[in-house]
Amino acid sequence: MLIINCPYCGERDQSEFSNGGQAHVARPSDPEKLNDKEWSEYVFVRSNPKGIFFERWVHSHGCRKWFNAVRNTATDEILKIYKLNEKPPSLDEFTNNLKTPSGEPELGSGNFTVKK
Ligand SMILES: [Zn+2]
C-alpha cells in the first residue's frame, strides 16, 4: 500500500488519489502549425521510463487539488511532492541516491549477482 503525502492535507492512502500522468508536458507554442502527426504525439505520446518520473496526481477523494510528484517507477517510491506553482526539483537531486543505475533496490528486484 502506498501512502501519498498530499501537500494540502497530509499523508493519505493511495486509494484517495488519481494519477494524472506525466508532468511538465509543454503545450505547443503555435498549435496551428502542427501537422496531425505532431499534434497526436503531443496529445497521446508520453515517456514511460523505468526510474525517476515526474508526474501529476490529484487528491480526488480529498481536497481535489492537483500537485506534482517525483516517483521512482522501478520501486514505486515517491521521492518528492511539490505544488503546481513550485519549481520542479532537479533530476540530479534523485539520481545520486539510486542504488542501481536503473533505480531498483538491491533486494527484491531480481537484480543480483551470482557469486562463484
Ligand atoms: Zn489533499
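Please read all numbers here as calculations on a predicted model, not as lab measurements. (Residues numbered from 1 in each chain as written. Predicted model: local features only at pLDDT ≥ 70, side-chain atom pairs only at ≥ 80, totals over all residues. Heavy atoms only, no water.)

A. Looking closely at the coordination of the zinc ion. Cys 6 (SG), Cys 9 (SG), His 59 (ND1) and Cys 63 (SG) make up the full set of protein donors to the zinc ion, lying at 2.1 to 2.4 Å. Coordination at the zinc ion is tetrahedral, judged from the 4 donor atoms that bind it and the angles of 104 to 119° they form at the metal. For the zinc ion, the single-chain donor residues occur in sequence as C-x2-C-x49-H-x3-C. Of this pair, Cys 9 sits in the loop between strand S1 (3-6) and strand S2 (10-13) while His 59 sits in the loop between strand S4 (52-58) and strand S5 (66-72), and the two are 50 residues apart along the sequence. (Donors = N, O, S within 2.8 Å, 3.2 Å for Na, K, Ca; no water. Tetrahedral: all angles 85-135°; square planar, octahedral: opposite > 155°, others 65-115°. Helix = DSSP H or I, 4+ residues; strand = E, 2+ residues; numbered from the N terminus.)

B. Molecular detail of the environment of Asp 13. With respect to the secondary-structure elements, Asp 13 resides in strand S2. Asp 13 gets classed as partly exposed once you look at its relative accessible area, which sits at 22%. Distance in space between the C-alpha atoms of Asp 13 and Met 1 is 7.5 Å, their sequence separation being 12 residues. Sequence-distant contacts of Asp 13, defined by excluding residues within four places in its chain, comprise Met 1, Leu 2 and Ile 3. (Buried < 20%, exposed > 50% of the residue type's maximum accessible area, 1.4 Å probe, protein only. Contact = heavy atoms within 4.5 Å.)

C. A nonpolar patch on the surface, seen in detail. Nonpolar side chains collect at one region of the surface, where Trp 39, Val 43, Phe 44 and Val 45 lie side by side and expose about 410 Å² of accessible area between them. You can call Trp 39 partly exposed: its relative accessible area is 32%. (Patch = residues over 30% accessible without salt bridge, like charges linked within 9 Å, V, L, I, M, F, W, Y side chains within 5 Å. Areas by Shrake-Rupley, 256 points an atom, 1.4 Å probe, with all protein chains shown as cover. Salt bridge = Lys/Arg side-chain N within 4 Å of Asp/Glu carboxyl O.)

D. Here's a closer look at the confidence of the model for the protein chain. Counting all residues, the mean pLDDT for the protein chain is 86, and 82% of those residues have values of 70 or more. Per-element averaging of pLDDT across the protein chain places helix H2 (residues 92-95) at the bottom with 80 and S2 at the top with 97. Considering only residues more than four positions removed or in separate chains, one finds that residues 110-114, a stretch of pLDDT under 50, has 3 contacts. (pLDDT = per-residue confidence, 0-100.)

E. Examining the nonpolar core more closely. If you look at the biggest cluster of nonpolar residues, it comprises 7 residues: Leu 2, Ile 4, Cys 6, Phe 17, Trp 57, Phe 67 and Ala 69. Looking at this core, the elements that each hand over two or more residues are S1 and S5. When residues no more than four places from it in sequence are discounted, the contact partners of Ala 69 are Phe 53, Phe 54, Glu 55, Trp 57, Ile 78, Lys 80, Ile 81 and Tyr 82. By size, the runner-up hydrophobic cluster in this structure holds 6 residues, among which are Ile 52, Phe 54, Val 70 and Tyr 82. (Core = buried A, V, L, I, M, F, W, Y, C linked by side-chain atoms within 4.5 Å.)

F. Quick peek at the sheet that holds strand S3 (residues 18-22). Strand order in the open sheet formed by 4 strands is S3-S4-S5-S6, and the pairing between neighbours is antiparallel. Across the chains shown, the open sheet's two edge strands, defined by having one partner strand only, are S3 and strand S6 (77-83). Ignoring which end each strand starts from, the neighbouring axes of this sheet average 35° apart. Looking at chain direction, S3 and S4 are connected through 4 bridges and run antiparallel. (Pairing = 2+ DSSP bridges. Axes fitted to C-alpha atoms, helices over the stretch in contact; angles between N-to-C directions.)

G. Examining unusual backbone geometry more closely. Its identity as a non-glycine residue notwithstanding, His 24 has a phi of 65°, on the positive side. Within the secondary structure, His 24 sits in the loop between S3 and helix H1 (36-44). A residue is classified by how much of its surface remains accessible, and His 24, at 44% relative accessible area, is partly exposed. With a phi close to 65°, Asp 76 is a non-glycine residue in the positive phi region. Residue position: Asp 76 is located in the loop between S5 and S6.

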